[in-house]
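Examining the three-dimensional arrangement
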Protein chains: 2
Amino acid sequence: MLWYNDNQSHLYIHMKKEEKVLREHLARNNLRLTRQRETILDAFLSIESHVSAEELYRETVKKDPAIGLATIYRTINLLCRCGLAQERDFGDGETRYEHLYNHKHHDHLICTSCGNIAEFENTDIEKLQAKVAKNHGFETHSHRLELYGICETCKQ
Amino acid sequence: MLWYNDNQSHLYIHMKKEEKVLREHLARNNLRLTRQRETILDAFLSIESHVSAEELYRETVKKDPAIGLATIYRTINLLCRCGLAQERDFGDGETRYEHLYNHKHHDHLICTSCGNIAEFENTDIEKLQAKVAKNHGFETHSHRLELYGICETCKQ
DNA sequence: GTGGATGCAAACGATTTGCAAGCAT
DNA sequence: ATGCTTGCAAATCGTTTGCATCCAC
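Rules and cut-offs
Residues numbered from 1 in each chain as written. Chains lettered and ligands numbered in written order. Predicted model: local features only at pLDDT ≥ 70, side-chain atom pairs only at ≥ 80, totals over all residues. Heavy atoms only, no water. Salt bridge = Lys/Arg side-chain N within 4 Å of Asp/Glu carboxyl O. Helix = DSSP H or I, 4+ residues; strand = E, 2+ residues; numbered from the N terminus. Buried < 20%, exposed > 50% of the residue type's maximum accessible area, 1.4 Å probe, protein only. Near = heavy atom within 4 Å. Polar contact = N/O pair within 3.5 Å; in protein donor to acceptor, adjacent residues only side chain to side chain. Nonpolar A, V, L, I, M, F, W, Y, C, P; charged D, E, K, R; others polar. Pairing = 2+ DSSP bridges. Contact = heavy atoms within 4.5 Å. Axes fitted to C-alpha atoms, helices over the stretch in contact; angles between N-to-C directions. Domains from an automatic or database assignment. Buried area = accessible area lost by both parts, 1.4 Å probe.

Following the criterion strictly, the structure yields 24 salt bridges over all chains and no others. The salt bridge partner of B:Lys104 is B:Glu121, with a shortest N-O separation of 3.3 Å. Here B:Lys104 is found in the loop between β3 (95–99) and β4 (107–111), whereas its partner B:Glu121 is found in the loop between β5 (117–120) and α5 (123–135), with 17 residues between them in sequence. In this structure B:Lys104 comes out as exposed when scored by relative accessible area, which is 60%. In this structure, B:Arg144 and B:Glu146 form a salt bridge, with 3.1 Å as the shortest nitrogen-oxygen distance. Of the residues examined, B:Arg144 reaches a relative accessible area of 8% and is grouped as buried. One salt-bridge network, in which partners are shared between bridges, spans A:Glu55, A:Asp92, A:Glu94 and A:Arg96.

Right, let's talk about the protein's contact with DNA strand D for a bit. By nearness alone, 21 residues border DNA strand D, and A:Tyr73, A:Thr95, B:Leu31, B:Thr71 and B:Arg74 come closest of all. B:Arg32 is positioned with one of its side-chain polar atoms (N or O) 3.1 Å from a base nitrogen of DNA strand D. Within the residue set of the surface near DNA strand D, elements represented by two or more residues are α4 (69–81) of chain A together with α2 (35–46) and α4 (69–81) of chain B. A per-element tally of the surface near DNA strand D places α4(A) first, with four residues. Looking at side-chain class alone, the surface near DNA strand D contains seven nonpolar, eight polar and six charged residues.

The next point concerns the sheet that holds strand β2 (residues 85–89) of chain B. Backbone-to-backbone hydrogen bonds pair the strands of a sheet. The strands run either parallel or antiparallel. All names here are of chain B. Ordered in space as β1-β3-β2, the three strands form an open sheet in which the pairing is antiparallel. Because the sheet does not close on itself, it has two edges, and the strands there are β1 (51–52) and β2. In the sheet, β1 pairs with β3 via two bridges, with the strands oriented antiparallel. Along β3, the bridge assignment pairs valine 51 with tyrosine 97. Here α2 sits on the sheet in contact with β1, β2 and β3, set at roughly 85° to β3.

All right, on to the domain arrangement of chain A then. All names here are of chain A. When its domains are assigned, chain A resolves into domain 1 (6–99) and domain 2 (107–155). For domain 1 and domain 2, the distance between their C-alpha centres works out to 26 Å. In this assembly, five residues from domain 1 lie in contact with seven residues from domain 2. Between domain 1 and domain 2 the total buried area reaches about 580 Å² when both faces are included, carbon and sulfur atoms providing 50% of it. Area buried by domain 1 at its contact with domain 2 is led by His50, Arg88 and Phe90, which between them contribute 80% of it. Here domain 1 is connected to domain 2 by zero salt bridges. Taken together, the links from domain 1 to domain 2 amount to four residue pairs in polar contact (both at pLDDT 80 or more).

Okay, here's the thing in structure tokens:
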């Protein structure tokens, strides 16, 4: 879905919602929509999991071998700034990025054996967190909850 | 409390529990109790908060200016291995270490304005976490829960 | 045409490691 | 005496940055 040479593209016909979000952020900040940025966004959206910059690089290079790793870093940070991606650090030395747009908040179950990351959400825990914060006069704007252990598959 | 030149030290008289834990770990693994390791342990225990390697280094150097940063890293990892310290990564690029021995499990409220880190514990949340894990057939061996936001002091 | 974006290589900061010399056992 | 530890400097790894060139607007 590359529309950048299409004169009709300003009509946003058949355009992914994420692409629209990116275009609007770029326009608002006087930034350019480049071939690389479209390619990286497509690659990012095609991976429905928690990607490292290196993994995103390997995926992007399949579509455009000339792309540089620095551009991946610059662009994934851009995607974070416009609310399409979110940084997640699971403490293994590599920053990971996950989809944020149109995805509801969730927490993670991380298998320390196979590295698999499962997601869950639990509103009761969220409520208790809000209560804890309130008791401390603390104004929460984000949180992270991760359970580390052995997943069902690895236990067998 | 430096006992390394004291012939009576093997009697463990007046010795901190943490020092005993360290000595036993060293003996078990055929490792040596050096002047540097004692100094670093003392410095670590003297700081009742979440220390980075750099901060621990600055504190240790006050007592022994000849100590190297590499030794700090090697020793704090040793303290983690014997259960006296625990790594904590708050996502600001620096690994932090906190006391583990004789400290009950707790989670963190992190102020993104002043950087202050408060601790809390909540058994109801822990119970819900256990329930989530059970539903996924997941065997948890550790977890992390952090709330990021603005602390009471900074709100004013 | 202008100013933002790219690719490359060099710079960076936290952490680790190789090595010769030192020291606990 | 043996071999674990140290300090130092160099290496590593993920990430960022400077710069000349390129390209979207």
